[in-house]
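Commentary on secondary and tertiary structure
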2 protein chains.
Amino acid sequence: MKSIDTLLSRLRQRGLRITPQRRVILEFLVNEESHPTAEQVYQRVSSLMPDISRTTVYNTLRELSDLGELAPVQDLSQDGRRYDTSTEPHHHLYCVACHTIIDIHRDFEGMSLSPEEASGYQILSHQATFYGICPDCQSPASVATQAGWTVDPDALNSET
Amino acid sequence: MKSIDTLLSRLRQRGLRITPQRRVILEFLVNEESHPTAEQVYQRVSSLMPDISRTTVYNTLRELSDLGELAPVQDLSQDGRRYDTSTEPHHHLYCVACHTIIDIHRDFEGMSLSPEEASGYQILSHQATFYGICPDCQSPASVATQAGWTVDPDALNSET
DNA sequence: AACCATTCTGTAATCATTATAAATTAGGTA
DNA sequence: TACCTAATTTATAATGATTACAGAATGGTT
Ligand SMILES: [Mn+2]
Ligand SMILES: [Mn+2]
Ligand SMILES: [Zn+2]
Ligand SMILES: [Zn+2]
(Lines give C-alpha, C1' and ligand atoms only; values in the text may rest on other atoms or scores of the structure.)
(Ligands and ions follow the chains in the order given, each with its own letter.)
Protein backbone atom coordinates (compact mmCIF):
# COMPACT_ATOMS: atom_id res chain seq x y z
CA MET A 1 0.00 0.00 0.00
CA LYS A 2 1.09 3.57 -0.46
CA SER A 3 2.58 5.60 2.37
CA ILE A 4 0.31 7.27 4.88
CA ASP A 5 1.15 10.73 3.57
CA THR A 6 0.37 9.72 0.02
CA LEU A 7 -2.91 8.21 1.10
CA LEU A 8 -3.92 11.21 3.16
CA SER A 9 -3.22 13.67 0.37
CA ARG A 10 -5.12 11.44 -1.99
CA LEU A 11 -8.12 11.58 0.29
CA ARG A 12 -7.84 15.38 0.39
CA GLN A 13 -7.60 15.46 -3.41
CA ARG A 14 -10.90 13.67 -3.65
CA GLY A 15 -12.50 16.06 -1.18
CA LEU A 16 -12.68 13.55 1.63
CA ARG A 17 -12.01 14.73 5.16
CA ILE A 18 -9.16 13.42 7.27
CA THR A 19 -10.79 12.13 10.41
CA PRO A 20 -9.11 10.38 13.33
CA GLN A 21 -11.06 7.24 12.43
CA ARG A 22 -9.87 7.23 8.85
CA ARG A 23 -6.36 7.98 9.97
CA VAL A 24 -6.14 5.08 12.38
CA ILE A 25 -7.65 2.69 9.86
CA LEU A 26 -5.14 3.77 7.23
CA GLU A 27 -2.26 3.52 9.68
CA PHE A 28 -3.25 -0.04 10.37
CA LEU A 29 -3.66 -0.93 6.71
CA VAL A 30 -0.44 0.61 5.43
CA ASN A 31 1.78 -2.15 6.72
CA GLU A 32 -0.79 -4.92 6.61
CA GLU A 33 -0.36 -7.79 4.19
CA SER A 34 -2.62 -10.41 5.75
CA HIS A 35 -5.72 -9.64 3.68
CA PRO A 36 -7.82 -8.92 6.76
CA THR A 37 -11.60 -9.01 6.96
CA ALA A 38 -13.57 -5.96 8.03
CA GLU A 39 -14.04 -7.58 11.41
CA GLN A 40 -10.30 -8.10 11.81
CA VAL A 41 -9.61 -4.49 10.92
CA TYR A 42 -12.22 -3.47 13.44
CA GLN A 43 -10.68 -5.57 16.20
CA ARG A 44 -7.19 -4.20 15.69
CA VAL A 45 -8.25 -0.62 15.23
CA SER A 46 -10.59 -0.60 18.19
CA SER A 47 -7.71 -1.53 20.47
CA LEU A 48 -6.26 1.88 19.60
CA MET A 49 -9.59 3.71 19.39
CA PRO A 50 -12.03 1.81 21.58
CA ASP A 51 -15.09 3.84 20.65
CA ILE A 52 -14.82 3.52 16.91
CA SER A 53 -17.93 2.07 15.33
CA ARG A 54 -17.94 -1.16 13.42
CA THR A 55 -20.04 0.61 10.82
CA THR A 56 -17.34 3.19 10.26
CA VAL A 57 -14.81 0.47 9.62
CA TYR A 58 -17.07 -1.23 7.10
CA ASN A 59 -17.87 2.09 5.43
CA THR A 60 -14.25 3.21 5.29
CA LEU A 61 -13.10 -0.06 3.77
CA ARG A 62 -15.79 0.26 1.12
CA GLU A 63 -14.81 3.85 0.41
CA LEU A 64 -11.14 2.96 0.07
CA SER A 65 -12.10 0.18 -2.29
CA ASP A 66 -14.18 2.59 -4.36
CA LEU A 67 -11.17 4.89 -4.53
CA GLY A 68 -8.96 2.04 -5.66
CA GLU A 69 -6.67 2.23 -2.66
CA LEU A 70 -7.81 -1.18 -1.48
CA ALA A 71 -9.30 -4.19 -3.22
CA PRO A 72 -11.62 -6.92 -2.03
CA VAL A 73 -9.97 -10.27 -2.67
CA GLN A 74 -11.49 -11.48 -5.88
CA ASP A 75 -14.17 -14.09 -5.62
CA LEU A 76 -17.05 -15.31 -7.72
CA SER A 77 -19.58 -15.59 -4.93
CA GLN A 78 -20.87 -12.06 -5.03
CA ASP A 79 -24.50 -13.08 -4.81
CA GLY A 80 -24.14 -16.19 -2.71
CA ARG A 81 -22.21 -19.41 -2.96
CA ARG A 82 -22.28 -21.01 -6.40
CA TYR A 83 -22.17 -24.72 -7.03
CA ASP A 84 -20.09 -26.47 -9.64
CA THR A 85 -21.32 -29.71 -11.15
CA SER A 86 -17.81 -30.41 -12.34
CA THR A 87 -15.75 -31.66 -9.42
CA GLU A 88 -12.46 -32.26 -11.22
CA PRO A 89 -9.94 -29.43 -10.95
CA HIS A 90 -10.49 -26.89 -13.68
CA HIS A 91 -10.41 -23.18 -14.37
CA HIS A 92 -13.02 -20.50 -14.93
CA LEU A 93 -13.92 -17.75 -17.33
CA TYR A 94 -16.16 -15.22 -15.61
CA CYS A 95 -18.22 -12.38 -17.02
CA VAL A 96 -17.86 -9.42 -14.68
CA ALA A 97 -21.11 -7.95 -16.01
CA CYS A 98 -23.62 -10.80 -15.88
CA HIS A 99 -21.62 -13.22 -13.70
CA THR A 100 -21.82 -16.08 -16.17
CA ILE A 101 -19.17 -18.72 -15.54
CA ILE A 102 -17.68 -20.93 -18.23
CA ASP A 103 -15.40 -23.85 -17.44
CA ILE A 104 -11.88 -24.12 -18.86
CA HIS A 105 -10.89 -27.76 -18.77
CA ARG A 106 -7.21 -27.79 -19.52
CA ASP A 107 -3.93 -27.27 -17.77
CA PHE A 108 -1.66 -24.30 -18.17
CA GLU A 109 1.99 -25.09 -18.58
CA GLY A 110 4.26 -23.20 -16.25
CA MET A 111 1.56 -22.45 -13.73
CA SER A 112 3.46 -23.64 -10.69
CA LEU A 113 5.51 -22.18 -7.89
CA SER A 114 9.20 -22.49 -7.26
CA PRO A 115 10.18 -23.85 -3.85
CA GLU A 116 11.05 -20.34 -2.69
CA GLU A 117 7.74 -18.98 -3.87
CA ALA A 118 5.87 -21.80 -2.15
CA SER A 119 7.55 -20.68 1.10
CA GLY A 120 7.07 -24.00 2.83
CA TYR A 121 3.48 -24.53 1.80
CA GLN A 122 2.52 -28.01 0.75
CA ILE A 123 0.71 -27.21 -2.49
CA LEU A 124 -2.50 -29.17 -3.02
CA SER A 125 -4.04 -27.60 -6.09
CA HIS A 126 -4.34 -24.42 -8.03
CA GLN A 127 -7.06 -22.62 -9.84
CA ALA A 128 -7.18 -19.81 -12.36
CA THR A 129 -9.96 -17.38 -13.07
CA PHE A 130 -10.13 -15.25 -16.18
CA TYR A 131 -12.21 -12.09 -15.83
CA GLY A 132 -13.85 -10.61 -18.88
CA ILE A 133 -17.00 -9.51 -20.62
CA CYS A 134 -19.07 -12.11 -22.40
CA PRO A 135 -20.35 -11.56 -25.95
CA ASP A 136 -23.87 -10.74 -24.76
CA CYS A 137 -22.61 -8.10 -22.39
CA GLN A 138 -20.46 -6.37 -24.99
CA SER A 139 -23.42 -4.92 -26.89
CA PRO A 140 -24.36 -1.29 -26.22
CA ALA A 141 -27.81 -2.39 -25.10
CA SER A 142 -26.31 -4.73 -22.53
CA VAL A 143 -23.91 -2.14 -21.24
CA ALA A 144 -26.79 0.26 -20.80
CA THR A 145 -28.98 -2.32 -19.12
CA GLN A 146 -26.24 -3.28 -16.71
CA ALA A 147 -25.87 0.40 -15.82
CA GLY A 148 -29.57 0.59 -15.10
CA TRP A 149 -30.66 2.57 -18.15
CA THR A 150 -33.63 2.11 -20.42
CA VAL A 151 -32.58 1.73 -24.03
CA ASP A 152 -34.30 3.39 -26.97
CA PRO A 153 -33.67 1.03 -29.91
CA ASP A 154 -34.07 3.91 -32.41
CA ALA A 155 -31.19 5.74 -30.84
CA LEU A 156 -28.67 2.95 -31.35
CA ASN A 157 -27.63 3.61 -34.97
CA SER A 158 -28.23 7.33 -35.10
CA GLU A 159 -24.66 8.53 -34.63
CA THR A 160 -24.13 9.48 -38.30
CA MET B 1 -21.73 -34.42 -13.64
CA LYS B 2 -22.31 -38.16 -13.57
CA SER B 3 -25.46 -39.72 -14.97
CA ILE B 4 -28.59 -39.83 -12.87
CA ASP B 5 -28.34 -43.59 -12.45
CA THR B 6 -24.74 -43.38 -11.31
CA LEU B 7 -25.62 -40.66 -8.85
CA LEU B 8 -28.63 -42.49 -7.47
CA SER B 9 -26.70 -45.71 -6.92
CA ARG B 10 -23.95 -43.72 -5.29
CA LEU B 11 -26.45 -42.25 -2.85
CA ARG B 12 -27.71 -45.76 -2.10
CA GLN B 13 -24.13 -46.95 -1.57
CA ARG B 14 -23.70 -44.29 1.08
CA GLY B 15 -26.93 -45.31 2.77
CA LEU B 16 -28.81 -42.20 1.71
CA ARG B 17 -32.43 -42.52 0.71
CA ILE B 18 -33.71 -41.71 -2.72
CA THR B 19 -36.47 -39.20 -2.14
CA PRO B 20 -38.49 -37.33 -4.74
CA GLN B 21 -36.85 -34.11 -3.61
CA ARG B 22 -33.34 -35.43 -4.01
CA ARG B 23 -34.29 -36.95 -7.35
CA VAL B 24 -35.63 -33.73 -8.80
CA ILE B 25 -32.65 -31.74 -7.55
CA LEU B 26 -30.25 -34.24 -9.12
CA GLU B 27 -32.21 -34.28 -12.37
CA PHE B 28 -31.83 -30.55 -12.57
CA LEU B 29 -28.14 -30.59 -11.71
CA VAL B 30 -27.09 -33.38 -14.08
CA ASN B 31 -27.21 -31.25 -17.17
CA GLU B 32 -26.50 -27.94 -15.50
CA GLU B 33 -23.26 -26.13 -16.23
CA SER B 34 -24.14 -22.62 -15.13
CA HIS B 35 -22.73 -22.87 -11.59
CA PRO B 36 -26.07 -22.00 -10.02
CA THR B 37 -26.61 -20.64 -6.54
CA ALA B 38 -28.79 -22.49 -4.04
CA GLU B 39 -31.52 -19.95 -4.68
CA GLN B 40 -31.35 -20.58 -8.43
CA VAL B 41 -31.59 -24.33 -7.91
CA TYR B 42 -34.55 -23.72 -5.65
CA GLN B 43 -36.34 -21.55 -8.21
CA ARG B 44 -35.92 -24.06 -11.01
CA VAL B 45 -36.75 -27.09 -8.95
CA SER B 46 -39.76 -25.56 -7.28
CA SER B 47 -41.35 -25.04 -10.70
CA LEU B 48 -41.44 -28.84 -10.95
CA MET B 49 -42.15 -29.50 -7.28
CA PRO B 50 -43.87 -26.39 -5.93
CA ASP B 51 -43.95 -27.48 -2.30
CA ILE B 52 -40.28 -28.29 -1.93
CA SER B 53 -38.64 -26.42 0.91
CA ARG B 54 -35.84 -23.98 0.36
CA THR B 55 -34.12 -25.57 3.34
CA THR B 56 -34.17 -28.97 1.64
CA VAL B 57 -32.46 -27.50 -1.40
CA TYR B 58 -29.77 -25.90 0.75
CA ASN B 59 -29.32 -29.09 2.75
CA THR B 60 -29.17 -31.33 -0.31
CA LEU B 61 -26.59 -29.15 -2.02
CA ARG B 62 -24.48 -29.26 1.11
CA GLU B 63 -24.85 -33.04 1.35
CA LEU B 64 -23.87 -33.52 -2.28
CA SER B 65 -20.84 -31.32 -1.70
CA ASP B 66 -19.88 -33.39 1.33
CA LEU B 67 -20.14 -36.50 -0.83
CA GLY B 68 -17.93 -34.92 -3.49
CA GLU B 69 -20.60 -35.04 -6.19
CA LEU B 70 -20.76 -31.27 -6.28
CA ALA B 71 -18.32 -28.53 -5.39
CA PRO B 72 -18.80 -24.98 -4.19
CA VAL B 73 -16.98 -22.66 -6.54
CA GLN B 74 -13.71 -21.95 -4.81
CA ASP B 75 -13.38 -18.66 -3.05
CA LEU B 76 -11.26 -17.23 -0.29
CA SER B 77 -14.03 -15.38 1.50
CA GLN B 78 -15.21 -18.18 3.71
CA ASP B 79 -15.48 -16.00 6.78
CA GLY B 80 -16.39 -12.74 5.16
CA ARG B 81 -14.93 -10.55 2.46
CA ARG B 82 -11.19 -10.02 2.76
CA TYR B 83 -9.36 -6.87 1.77
CA ASP B 84 -6.14 -6.69 -0.17
CA THR B 85 -3.78 -3.78 0.40
CA SER B 86 -2.08 -4.60 -2.86
CA THR B 87 -4.21 -3.32 -5.71
CA GLU B 88 -2.01 -4.36 -8.62
CA PRO B 89 -2.95 -7.65 -10.26
CA HIS B 90 -1.26 -10.56 -8.52
CA HIS B 91 -1.81 -14.13 -7.44
CA HIS B 92 -2.40 -15.87 -4.13
CA LEU B 93 -1.14 -18.74 -2.05
CA TYR B 94 -3.79 -19.81 0.42
CA CYS B 95 -3.61 -22.11 3.43
CA VAL B 96 -6.73 -24.24 3.44
CA ALA B 97 -6.29 -24.89 7.18
CA CYS B 98 -5.75 -21.45 8.71
CA HIS B 99 -6.80 -19.30 5.73
CA THR B 100 -3.56 -17.36 5.61
CA ILE B 101 -3.03 -15.65 2.27
CA ILE B 102 0.36 -14.88 0.78
CA ASP B 103 0.82 -12.76 -2.32
CA ILE B 104 2.57 -14.05 -5.43
CA HIS B 105 3.77 -11.06 -7.39
CA ARG B 106 4.84 -12.44 -10.72
CA ASP B 107 3.37 -13.47 -14.00
CA PHE B 108 2.98 -17.00 -15.24
CA GLU B 109 3.97 -17.58 -18.82
CA GLY B 110 1.41 -19.44 -20.81
CA MET B 111 -1.45 -18.49 -18.57
CA SER B 112 -3.72 -17.21 -21.30
CA LEU B 113 -6.63 -18.41 -23.37
CA SER B 114 -6.74 -19.15 -27.07
CA PRO B 115 -9.41 -17.28 -29.02
CA GLU B 116 -11.55 -20.43 -29.10
CA GLU B 117 -11.23 -20.89 -25.36
CA ALA B 118 -12.10 -17.26 -24.76
CA SER B 119 -15.35 -17.92 -26.66
CA GLY B 120 -15.96 -14.30 -27.49
CA TYR B 121 -15.18 -12.95 -24.04
CA GLN B 122 -13.16 -9.77 -23.89
CA ILE B 123 -10.56 -10.78 -21.32
CA LEU B 124 -9.76 -8.11 -18.76
CA SER B 125 -7.53 -9.91 -16.27
CA HIS B 126 -6.77 -13.22 -14.73
CA GLN B 127 -5.91 -14.45 -11.30
CA ALA B 128 -4.48 -17.66 -9.93
CA THR B 129 -4.87 -19.15 -6.50
CA PHE B 130 -2.65 -21.90 -5.15
CA TYR B 131 -4.20 -23.98 -2.39
CA GLY B 132 -1.98 -25.62 0.17
CA ILE B 133 -1.03 -26.10 3.78
CA CYS B 134 1.27 -23.57 5.36
CA PRO B 135 4.29 -24.65 7.43
CA ASP B 136 2.55 -23.91 10.72
CA CYS B 137 -0.41 -26.05 9.80
CA GLN B 138 1.68 -29.04 8.77
CA SER B 139 2.65 -29.96 12.33
CA PRO B 140 0.70 -32.74 14.06
CA ALA B 141 -0.37 -30.34 16.78
CA SER B 142 -1.83 -27.97 14.22
CA VAL B 143 -3.65 -30.72 12.39
CA ALA B 144 -5.18 -31.83 15.67
CA THR B 145 -6.10 -28.32 16.70
CA GLN B 146 -7.76 -27.63 13.36
CA ALA B 147 -9.78 -30.80 13.84
CA GLY B 148 -10.93 -29.59 17.23
CA TRP B 149 -8.91 -31.92 19.40
CA THR B 150 -6.95 -31.22 22.52
CA VAL B 151 -3.36 -32.30 22.19
CA ASP B 152 -1.44 -34.19 24.86
CA PRO B 153 2.22 -33.25 24.29
CA ASP B 154 3.41 -36.47 25.96
CA ALA B 155 1.55 -38.52 23.40
CA LEU B 156 3.33 -37.03 20.41
CA ASN B 157 6.47 -39.15 20.39
CA SER B 158 5.15 -42.28 22.00
CA GLU B 159 4.57 -44.40 18.89
CA THR B 160 7.61 -46.64 19.49
C1' DA C 1 -49.34 -53.34 7.67
C1' DA C 2 -46.14 -51.69 11.21
C1' DC C 3 -42.00 -49.69 12.46
C1' DC C 4 -38.49 -46.23 12.90
C1' DA C 5 -34.43 -43.93 11.40
C1' DT C 6 -34.03 -40.74 7.92
C1' DT C 7 -35.66 -36.86 5.61
C1' DC C 8 -38.45 -32.87 4.93
C1' DT C 9 -40.47 -28.70 6.34
C1' DG C 10 -41.32 -24.14 8.47
C1' DT C 11 -39.54 -21.12 11.57
C1' DA C 12 -36.14 -18.99 14.13
C1' DA C 13 -31.35 -17.94 14.66
C1' DT C 14 -26.96 -16.43 12.96
C1' DC C 15 -23.58 -13.90 10.48
C1' DA C 16 -21.77 -10.50 7.32
C1' DT C 17 -23.02 -6.48 5.38
C1' DT C 18 -25.75 -2.30 4.17
C1' DA C 19 -29.40 1.39 4.93
C1' DT C 20 -31.07 4.98 7.71
C1' DA C 21 -31.37 8.91 10.44
C1' DA C 22 -29.93 11.58 14.16
C1' DA C 23 -25.76 13.44 16.51
C1' DT C 24 -21.16 15.01 15.91
C1' DT C 25 -17.30 17.21 13.69
C1' DA C 26 -13.58 18.64 10.07
C1' DG C 27 -12.24 22.24 7.74
C1' DG C 28 -13.17 26.42 5.66
C1' DT C 29 -14.81 31.45 6.42
C1' DA C 30 -15.65 35.92 8.73
C1' DT D 1 -11.26 32.65 17.48
C1' DA D 2 -16.11 31.75 16.70
C1' DC D 3 -19.15 30.07 13.50
C1' DC D 4 -21.14 27.41 9.78
C1' DT D 5 -22.40 23.46 7.31
C1' DA D 6 -21.67 19.58 4.54
C1' DA D 7 -19.31 15.46 5.54
C1' DT D 8 -18.81 11.92 8.78
C1' DT D 9 -19.73 8.99 12.61
C1' DT D 10 -22.65 6.37 15.28
C1' DA D 11 -26.35 3.21 16.93
C1' DT D 12 -29.87 0.71 15.39
C1' DA D 13 -32.62 -1.57 12.16
C1' DA D 14 -32.91 -3.99 7.88
C1' DT D 15 -31.33 -7.23 4.59
C1' DG D 16 -29.78 -11.47 2.45
C1' DA D 17 -27.56 -15.84 2.56
C1' DT D 18 -27.09 -19.71 5.19
C1' DT D 19 -27.68 -22.86 9.16
C1' DA D 20 -29.92 -24.81 13.49
C1' DC D 21 -33.74 -26.81 15.31
C1' DA D 22 -37.74 -29.51 16.35
C1' DG D 23 -41.76 -31.58 14.94
C1' DA D 24 -44.28 -33.86 10.93
C1' DA D 25 -43.86 -36.95 7.18
C1' DT D 26 -41.99 -40.94 4.82
C1' DG D 27 -38.90 -44.77 2.48
C1' DG D 28 -37.30 -48.92 3.06
C1' DT D 29 -37.26 -52.92 5.79
C1' DT D 30 -39.40 -56.75 8.53
MN1 LIG E 1 -16.67 -24.83 -13.04
MN1 LIG F 1 -3.14 -10.25 -2.26
ZN1 LIG G 1 -22.06 -11.28 -19.47
ZN1 LIG H 1 -2.06 -22.54 7.81
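Residues numbered from 1 in each chain as written. Chains lettered and ligands numbered in written order. Predicted model: local features only at pLDDT ≥ 70, side-chain atom pairs only at ≥ 80, totals over all residues. Heavy atoms only, no water.

Bringing the interface of chain B and chain A into the picture now. Between chain B and chain A, the residue contacts involve 69 residues of the former and 69 residues of the latter. Considering only the surface of chain B that becomes buried against chain A, His35, Tyr83 and Tyr121 of chain B emerge as the three largest contributors, covering 16% of it. Viewed at the interface, chain A and chain B are joined by two salt bridges. If you look at where chain B meets chain A, you find 32 residue pairs in polar contact (both at pLDDT 80 or more). Contributing elements (two or more residues each) for the side of chain B that touches chain A: α4 (54-67), β1 (71-72), β2 (83-84), β3 (91-95), β4 (101-104), α5 (115-118) and β5 (122-133) of chain B. When residues of the side of chain B that touches chain A are assigned to their parent elements, the largest contribution, twelve residues, is made by β5 of chain B. Both strand β5 (residues 122-133) of chain A and β5 of chain B contribute to a ladder of eleven bridges, which runs antiparallel. Across the sheet, Ala128 of chain A pairs through a bridge with Ala128 of chain B, a residue of β5 of chain B. (Contact = heavy atoms within 4.5 Å. Buried area = accessible area lost by both parts, 1.4 Å probe. Salt bridge = Lys/Arg side-chain N within 4 Å of Asp/Glu carboxyl O. Polar contact = N/O pair within 3.5 Å; in protein donor to acceptor, adjacent residues only side chain to side chain. Helix = DSSP H or I, 4+ residues; strand = E, 2+ residues; numbered from the N terminus. Pairing = 2+ DSSP bridges.)

The next subject is the protein's contact with DNA strand D. Not every one of the 19 residues close to DNA strand D is listed here, only the nearest: Arg17, Thr19, Arg22, Thr56 and Arg81 of chain A. In the interface set of DNA strand D, defined as its atoms within 4 Å of the protein, sugar plus phosphate atoms amount to 73%. Between a sugar or linking oxygen of DNA strand D and a side-chain N or O atom of Gln21 of chain A, the distance comes to 3.1 Å. Between DNA strand D and the protein, one listed contact pairs a phosphate oxygen with a side-chain N or O atom of Tyr58 of chain B at 2.9 Å. Residue assignment for the surface near DNA strand D shows that the elements contributing at least two residues are α2 (20-30) and α4 (54-67) of chain A together with α4 of chain B. (Near = heavy atom within 4 Å.)

What follows deals with the coordination of the zinc ion (ligand 3). Taken together, Cys95 of chain A (SG), Cys98 of chain A (SG), Cys134 of chain A (SG) and Cys137 of chain A (SG) make up the protein donors of the zinc ion (ligand 3), found 2.2 to 2.3 Å from the metal. Overall, the relative accessible area of 32% leaves Cys98 of chain A in the partly exposed class. (Donors = N, O, S within 2.8 Å, 3.2 Å for Na, K, Ca; no water. Buried < 20%, exposed > 50% of the residue type's maximum accessible area, 1.4 Å probe, protein only.)

Within the secondary structure layout, Gln127 of chain A lies in strand β5. A distance of 3.2 Å separates polar atoms of two side chains, one belonging to Gln127 of chain A and the other to His92 of chain A. Among the polar contacts made by the side chain of Gln127 of chain A, one reaches the side chain of Thr129 of chain A at a distance of 3.3 Å. The residues contacting Gln127 of chain A, other than those within four sequence positions of it, are His90, His91, His92 and Met111 of chain A together with Gln74, Gln127, Ala128, Thr129 and Tyr131 of chain B.

Let's shift gears to the coordination of the zinc ion (ligand 4). Residues and elements named next belong to chain B. Taken together, the protein donors to the zinc ion (ligand 4) comprise Cys95 (SG), Cys98 (SG), Cys134 (SG) and Cys137 (SG), at separations of 2.2 to 2.3 Å. Of note is the zinc ion (ligand 4), whose four donor atoms meet at the metal with angles of 103 to 114° in an arrangement that counts as tetrahedral. Counting along the primary sequence, the residues that act as donors to the zinc ion (ligand 4) give the motif C-x2-C-x35-C-x2-C. You can see Cys95 sitting in strand β3 and its partner Cys134 sitting in the loop between β5 and α6 (140-146), a full 39 residues away along the chain. (Tetrahedral: all angles 85-135°; square planar, octahedral: opposite > 155°, others 65-115°.)

Residue and element names in this part refer to chain A. The domain architecture assigned to chain A consists of domain 1 (1-86) and domain 2 (88-160). Of the residues lining the interface, eight residues belong to domain 1; the matching set on domain 2 comes to ten residues. The contact between domain 1 and domain 2 buries some 770 Å² in all, and 49% of this surface belongs to carbon and sulfur atoms. Considering only the side of domain 1, the residues that lose the most area to domain 2 are Leu76, Arg82 and Ser86, jointly responsible for 66% of the buried surface there. Connecting domain 1 to domain 2 are zero salt bridges. Linking domain 1 with domain 2 are five residue pairs in polar contact (both at pLDDT 80 or more). (Domains from an automatic or database assignment.)

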